[in-house]
Amino acid sequence: MSTHEILILGGHYSGINVAHYLLRHVIPKLTTPSTSYHVTIVTPNIEFFWNIAAPRLIVSEKLIPDEKVFLPIAKEFASYDAAQFTFVKGKATALDPEKRIVSINNGEKITYNSLVVATGSYFASSVWQLNESEEKLKSEISALRKALAAAKTVLIAGGGSIGVETAGEIGAEFPKHDTTILSGNRRLLPRLLPSNSAAAESKLKALGVKTVNDIKLSSIAKNTDGTTTVALSDGSSRIVDVFIDATGAKPNSTFLPSAWLNESGRVVTDAKTLRTDNPGIYAIGDVASYSSGSVLDAKNSVAPLGTSIGIDLAKAAGKEGLFTQKEFKPLKDTQFVPIGPSGGVGQLMGWKLPSLMVWAAKSRTYLVPLAQGTVEGGSVKKP
C-alpha cells in the first residue's frame, strides 16, 4: 500500500482546523485498499493559544485565567485513526523543494507529498503569538503582568488593533498609570474609517490613555533598573517602567524558498483557492498573501483550502468529482476593536458599528468561550 503524506506546518488556528477538515471530510473519501493518506502536524507548541485575548490576558490573570486560553492540542485528535495522524513537536528550519523534504529543529526530516504552510506570524514582542513553547510564553506573560502591576509609566508602540486594545485594557485596569500609545501614523487604526479612529482616541482618553500620532519607535534599550529607554523618530526619548511593542506582525517564512514568497515575505497563493503555483503546495492564514491577518480570514479559508486539497488528490487518484471547490471570500473593511471591558469601535464591510455591538461581539469576553471549540475543530464539523 502506498501512503500519501500531507504535512501541515503550524499548530495555530489554521493548521489545526485544516487537519480536522482533512481527517473528517477528505481522507475518508479517498482512502482505498491500495492507497492511504496520512496527516502530520509540526508545531513547537503542544497547547493551542487563543491569542485573540492576549491584550486582556497580559493585564491580569484574574480577568482571563491561563487555562482558558492555553488548551491541549493532541487529545483533540485522539478520536482519529492513529494510522492517519501524527503530531510532531518541533519547528521547520529548512525546506528542500526538489526532494520535498522539511527539516525540523528536533533533528527529524519529513518527506511530504502535499504541503500546507500554516506557520502564522511573529511580532517584536513574543506575547502576541505562540511561536515557541507555551511554558516560555506563559512565563513572559506572567513577568509582564507583574511589571504592569508595579509600574507608574507605560508606553505602547503600535496604533493597530493590538496596540489600541492593549492600551484600553491597561487604562481600564490601571487608571492611575501614566499610559501613552504611539500610533506611528497620522491616526489610530488606519484600516478603519477616520471617524472610528477619532472615536478610539476619545475612548482611550476617557480611560486616561494619551495618544501620540505621527511619531514612530526608533530603538529601545533595557536599563539595569528594569526601566526602558525608548528613542523616538522625532529625536526625543523617554524612560518608562514598562514598554510594550505592539507593532505589526511579520510572516514565519524565512525557512521557505524565496521563489515562493512575495516582497513582504508571504507565500503567494491564489486568493480564492489558496493553491500556490507549485503543485501540491498550499498556504493559509497570516503567512499567506491572500490574508489580512484576521482570525475571520483564517476561519473562512479552511474549507476552501480543504476542498482544494481534496480536488487535487482526487484528480491524481482518478476520482474526479468527489469534491466541489469552495472559494475564500474576504470580509473586507471589517474589524472589531475593544477598548476596555465596556465597548470599543468597529466596522463590518465598511459600515461603522456601535460600541454596544463591539462589546457584545468581542469586548465582553474576547471570544474566550469559542477557544475550546476551535481546537476541537468545531467550525469544520460540516464540509
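See above for the structure.
Residues numbered from 1 in each chain as written. Predicted model: local features only at pLDDT ≥ 70, side-chain atom pairs only at ≥ 80, totals over all residues. Heavy atoms only, no water.

Chemist: If you had to explain the overall build of the protein to someone new, which residues and values would you point to?
Modeler: A count of helices and strands for the protein gives nine helices and 22 strands. Taken along its principal axes, the extent of the C-alpha atoms in the protein is 70 × 45 × 40 Å. The buried share of the protein, reckoned over its 383 residues, is 51%. Carbon and sulfur atoms make up 54% of the accessible area of the protein, which totals about 17000 Å². Seen as two clouds, the 41 positive and the 34 negative side-chain charges of the protein have centres 5 Å apart. (Helix = DSSP H or I, 4+ residues; strand = E, 2+ residues; numbered from the N terminus. Buried < 20%, exposed > 50% of the residue type's maximum accessible area, 1.4 Å probe, protein only. Areas by Shrake-Rupley, 256 points an atom, 1.4 Å probe, with all protein chains shown as cover. Lys, Arg positive; Asp, Glu negative; His and termini not counted. Charge placed at Lys NZ, Arg CZ, Asp CG, Glu CD.)

Chemist: Now, about the environment of P190: what can you tell me, with residues and values included?
Modeler: In this fold, P190 is placed in the loop between strand 12 (178–182) and helix 6 (194–206). In this structure the C-alpha to C-alpha distance between P190 and K138, which are 52 residues apart in sequence, comes to 31 Å.

Chemist: An account of the sheet that holds strand 14 (residues 217–222) is requested, with residue identities and associated values reported.
Modeler: Strand order across the open sheet formed by three strands is 14-15-16, with antiparallel pairing between neighbours. The sheet terminates laterally at strand 14 and strand 16 (237–240), the two strands that pair on one side only. Sheet twist, expressed as the mean angle between neighbouring strand axes with direction ignored, is 20°. (Pairing = 2+ DSSP bridges. Axes fitted to C-alpha atoms, helices over the stretch in contact; angles between N-to-C directions.)

Chemist: Could you give an account of the sheet that holds strand 1 (residues 2–9), naming the residues involved and the relevant values?
Modeler: Within a sheet, each strand pairs with its neighbour through backbone hydrogen bonds, oriented either parallel or antiparallel. Taken together, five strands build an open sheet; the order of strands is 5-2-1-9-19 and the sheet is parallel. For this open sheet the edge positions go to strand 5 (85–89) and strand 19 (281–283), each flanked by a neighbour on one side alone. Direction aside, neighbouring strands of the sheet carry axes that sit 20° apart on average. Strand contacts of helix 1 (residues 13–30): strand 1, strand 2 (35–43) and strand 5, with the helix running at about 175° to strand 2, the strand carrying the most contacts. (Contact = heavy atoms within 4.5 Å.)

Chemist: Hey, could you go over helix 1 for me, with residue numbers and the actual values?
Modeler: Taking 1.5 Å per residue as the helical rise, helix 1 with its 18 residues ought to reach 26 Å, and the 25 Å between its terminal C-alpha atoms agrees with that figure. The largest bend along helix 1 reaches roughly 40° and is located at L22. Counting buried positions along helix 1 gives 15 out of 18 residues, so the element sits mostly inside the fold. (Expected span 1.5 Å × (residues − 1). Bend = angle between axes of the 7 residues up to and from the residue.)

Chemist: Before we move on, can you summarise the pairing of strand 20 (residues 335–338) with the specific residues and values?
Modeler: Pairing geometry for strand 20 and strand 21 (residues 344–348), over four bridges, is antiparallel. Residue pairing for strand 21: P338 is matched across the bridge by G344. Between the end of strand 20 and the start of strand 21, which pair antiparallel, lie five residues, with G340 showing a positive phi angle near 85°.

Chemist: Before we move on, can you summarise unusual backbone geometry with the specific residues and values?
Modeler: Phi is positive for D333, which is not a glycine, with a value near 55°. With respect to the helices and strands, D333 occurs in the loop between helix 7 (295–316) and strand 20. The phi torsion at Y366 lies on the positive side, around 55°, for a residue other than glycine. Checked against the element boundaries, Y366 lands in the loop between helix 8 (355–363) and helix 9 (371–375).

Chemist: Hey, could you go over the pairing of strand 11 (residues 153–157) for me, with residue numbers and the actual values?
Modeler: For strand 11, the buried fraction is high: four of the five residues fall into the buried class. Alignment of strand 11 against strand 12, held across five bridges, turns out to be parallel. Note that in strand 12 the partner of L155 across the bridge is T180. Once the chain exits strand 11 it traverses helix 5 (residues 161–173) before rejoining the sheet at strand 12, and the crossover so formed is right-handed. Pairing between strand 11 and strand 17 (residues 242–245): four bridges, direction parallel. Pairing of A157 across the sheet is with D245, part of strand 17. (Right-handed = clockwise from strand over helix to strand, strands pointing away.)

Chemist: Before we move on, can you summarise the pattern of salt bridges with the specific residues and values?
Modeler: Considering all chains together, one arrives at 10 salt bridges under this definition. Salt-bridge contacts for D66 lead to R145; the nearest nitrogen and oxygen are separated by 2.9 Å. One end of the pair, D66, is in helix 3 (residues 66–69); the other, R145, is in helix 4 (residues 134–150), and 79 residues separate them in sequence. Here D66 falls in the buried class, since its relative accessible area comes to 14%. (Salt bridge = Lys/Arg side-chain N within 4 Å of Asp/Glu carboxyl O.)

Chemist: Account for a nonpolar patch on the surface, naming residues and giving values.
Modeler: Together, L296, L331, L348, M349 and W351 give the surface a local cluster of nonpolar side chains, amounting to about 500 Å² of exposed area. Along the chain, L348 turns up in strand 21. (Patch = residues over 30% accessible without salt bridge, like charges linked within 9 Å, V, L, I, M, F, W, Y side chains within 5 Å.)

Chemist: Account for the packing of aromatic side chains, naming residues and giving values.
Modeler: All told, the structure shown has five aromatic pairs when counted by the stated rule. Ring centres of F77 and F85 lie 4.4 Å apart, and the angle between their planes is 10°; this geometry places the pair in the stacked category. Neither F77 nor F85 differs from the other in exposure class; each is buried. Aromatic rings pair up to connect F77, Y80 and F85 into one cluster. (Phe/Tyr/Trp six-rings, centres within 6.5 Å; stacked < 30°, edge-to-face > 60°.)

Chemist: Tell me about the packing of helix 1 against helix 7, and name the residues and values.
Modeler: Close contact between helix 1 and helix 7 brings their axes to 9 Å; oriented N to C, the two are set at 30°. Considered as vectors, helix 1 and helix 7 are oriented roughly parallel to each other. Like other packed secondary-structure pairs, helix 1 and helix 7 cross with a definite hand, here right-handed. On helix 7, the residues that touch Y13, S14, N17, V18, Y21, L22, V26 and L30 of helix 1 are V295, A298, K299, V302, A303, L305, G306, T307, I309, G310, L313 and A314. A breakdown of the residues in the contact of helix 1 with helix 7 according to their chemical character gives 14 nonpolar, five polar and one charged. (Parallel < 35°, antiparallel > 145°, perpendicular 65-115°, else oblique. Left-handed = near helix turned anticlockwise from the far one by under 90°. Nonpolar A, V, L, I, M, F, W, Y, C, P; charged D, E, K, R; others polar.)

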